[in-house]
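Observations on chain architecture
The chain contents come next:
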Amino acid sequence: MPTPLPVRQPAIEGWFTQDGGAPRLLGSRCTACGTIFFPKETFACRNPECGSDTLDEIPLSRHGTLWSFTDNRYPPPPPFVASDPFEPYAIAAVELAAEKMVVLGQVAKGVTTEQLAVGMEMELIIEALFEDESGIHEIWKWRPA
Amino acid sequence: MSHEVAVLGAGMHPWGKWGRNFVEYGVHAARAALAEAGLAWTDVQFLAGGDTMRNGYPGYVAGASIAQALGWSGAQVASTYGACATGAQAIDVARARILAGLCDVALVVGADTTPKGFFAPTGGVRQQDPDWLRFRLLGATNPVYFGLYARRRMALYGATPADFAKVKVKNARHGLGNPNARYRKAVREDDVAASPVVSDPLRLLDICATSDGGAAVVLTSLAFARRHTTQPVRLAGVSAVTPRYPNTVIEMPNFATDSAVGVSLPDVPFRDSIARGAYEQAGLGPEDLDLAEVYDLSTALELDWYENIGLCKPGGAEQMLRDGATTLGGRIPVNASGGLASFGEAVPAQAIAQVCELTWQLRGRAEARQVEGARVGLAVNQGLFGHGSSLLLRT
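Notes on the structure in this doc start here. (Residues numbered from 1 in each chain as written. Chains lettered and ligands numbered in written order. Predicted model: local features only at pLDDT ≥ 70, side-chain atom pairs only at ≥ 80, totals over all residues. Heavy atoms only, no water.)

With that settled, the discussion passes to helix 6 (residues 142–157) of chain B. Residue and element names in this part refer to chain B. Between its first and last C-alpha atoms helix 6 spans 23 Å; for 16 residues at 1.5 Å apiece the expected length is 22 Å, and the two agree. Among the 16 residues of helix 6, 13 are classified as buried, and the element is accordingly described as predominantly covered. Looking one or two places after helix 6, you find Gly158, whose phi comes out positive at around 75°. (Helix = DSSP H or I, 4+ residues; strand = E, 2+ residues; numbered from the N terminus. Expected span 1.5 Å × (residues − 1). Buried < 20%, exposed > 50% of the residue type's maximum accessible area, 1.4 Å probe, protein only.)

If you want it as structure tokens, here you go:
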């Protein structure tokens, strides 16, 4: 009997989607002033001049420019689930032009800081964050476009 | 009306990794501050405690924990928390009570006992807590955010790892003669370069450690101070500000900045607004400063602060550093105490420790690290979750 494939599930519900093909982060937009939040703000707009409590879910841009980047050479403490042995990984801060905001994310596995430069174009992907007995937990990541 | 109060006494427990109860450090610092003020604990009418998140319930009621250890005296109490800006909030509350005429003598104390290694969120599964989630989903430790700021500085202004190392070398030299510093060892640029990378481009010696420590100040009305000293130091500005929306620089523990869609940017970005609040209260500006204590969580971040507090224009910090302007003996010494580079951070004590250093400098009691003729000093600091902290002292 073949071994069943591990179940793939989001590491957090409702922050990103792959429905309809391309992965997208899910933010929210205030219907009154138009400002945007990630992660989703659900109960009230945080623009102090606004005060609306009606926000719509919207997918964020899949592409942006690299605002800055760094990496983790040592395993972060729990609740991060670190691989053993630990493999360093990069972290990116990506500026989304349409949303006028910067969003963090891990960088795709295997991409090191030597391959990154501030200002380069990045795109969103979905990749494994960690695997445990319940399956593969997935998260959004950035990679050079 | 004047918003000034006096700093009549300052005291610290040396920073280190002592592993004892935080209350012990707080009591030690409080007694030292009271001794310097020439007052007894029973003279204190109001105690403001800076809370610690890593020491259980006693840490959440730090004011009472320290009051009990000093001996219940019936003093009024408040305990506050604002991450690294905790001390500024506690000082602000004490100042307000004095200025309101509700008391003449207030004691402000902050102390911490820290675990080994990275700061981590408290336990449990908390999917609504961005501090828990940033570790869970990104592994975004504090040095990750410091690394992002450092790399941004390199891209914008051409800063180099050698510049960052120069900050460490300077602060380590300043801290050599400070009896309260944890690290009192000269560091060379190649020591920094030989230390392991933690979060590119920052190396171990670019990043501040976590420490145990305690700091306290005795604040009084100016009238009370005049009766007790001929050498009053005045607290002329306290800024414990939050950002204005939209805050467009990524901050711990967030996943994203605010969006600038549909809103106009504030006139002054958050980090620039922190010291500005203290300057405005004091009626002074960066040109009036004789020294500054800035929050060097990383070497690179110290350079950002030069610009945020108005010592130079954006992009000018590296030149100031290379010219020696911020070294003891220079035009405007920064972190004469040795800074976090020599201390490591003991969160709720840190803003109070900055005031201790400025008080001693303005009284001419800073010994080997004395800034000659110091009359005006500024401290600046920032805590995660949107806490600004700036304090301005003058003779």
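This next bit is on the packing of helix 4 (residues 86–99) of chain B against helix 14 (residues 350–362) of chain B. A packed helix pair is summarised by two numbers, namely the angle formed by the two axes and the spacing between the axes. Residue and element names in this part refer to chain B. Interaxial distance between helix 4 and helix 14 falls to 5 Å at its minimum, and their mutual angle equals 70°. Here helix 14 runs roughly perpendicular to helix 4, going by the angle between their axes. Seen from helix 4, the contacting residues are Gly87, Ala88 and Ile91; seen from helix 14, they are Ala351, Ile352 and Val355. Tallied by class, the residues present in the contact of helix 4 with helix 14 amount to 5 nonpolar, 1 polar and no charged. (Axes fitted to C-alpha atoms, helices over the stretch in contact; angles between N-to-C directions. Parallel < 35°, antiparallel > 145°, perpendicular 65-115°, else oblique. Contact = heavy atoms within 4.5 Å. Nonpolar A, V, L, I, M, F, W, Y, C, P; charged D, E, K, R; others polar.)

Before going further, it helps to spend a moment on the state of the cysteines. Residue and element names in this part refer to chain A. Within this structure, the stated rule accounts for 0 disulfides over all chains. Its sulfur unpaired, Cys30 is 3.6 Å from the next cysteine sulfur, which belongs to Cys50. Overall, the relative accessible area of 2% leaves Cys30 in the buried class. (Disulfide = S-S within 2.5 Å.)

The full count for this structure, using the stated rule, is 11 aromatic pairs over all chains. Pairing Phe86 of chain A with Tyr89 of chain A gives two aromatic rings, centres 6.2 Å apart and planes at 70°, and the pair type is edge-to-face. Aromatic pair Trp15 of chain B and Phe343 of chain B: ring centres 5.5 Å apart, planes at 80°, arrangement edge-to-face. Of this pair, Trp15 of chain B sits in strand 1 (residues 5–16) while Phe343 of chain B sits in helix 13 (residues 339–343); the two residues are 328 residues apart in sequence, bridging distant segments of the chain. When its relative accessible area of 1% is taken as the criterion, Trp15 of chain B is described as buried. Through a chain of ring-to-ring contacts, three or more aromatic side chains come together here, namely Trp15, Phe16, Phe38 and Trp140 of chain A together with Phe255 of chain B. It is Arg54 of chain B that lies over the ring of Phe119 of chain B; its NZ or CZ is 4.0 Å from the centre. Positioned over the ring face of Tyr149 of chain B is Arg271 of chain B, at 4.5 Å from the centre of the ring. (Phe/Tyr/Trp six-rings, centres within 6.5 Å; stacked < 30°, edge-to-face > 60°. Lys NZ or Arg CZ within 6 Å of the ring centre and 35° of its normal.)

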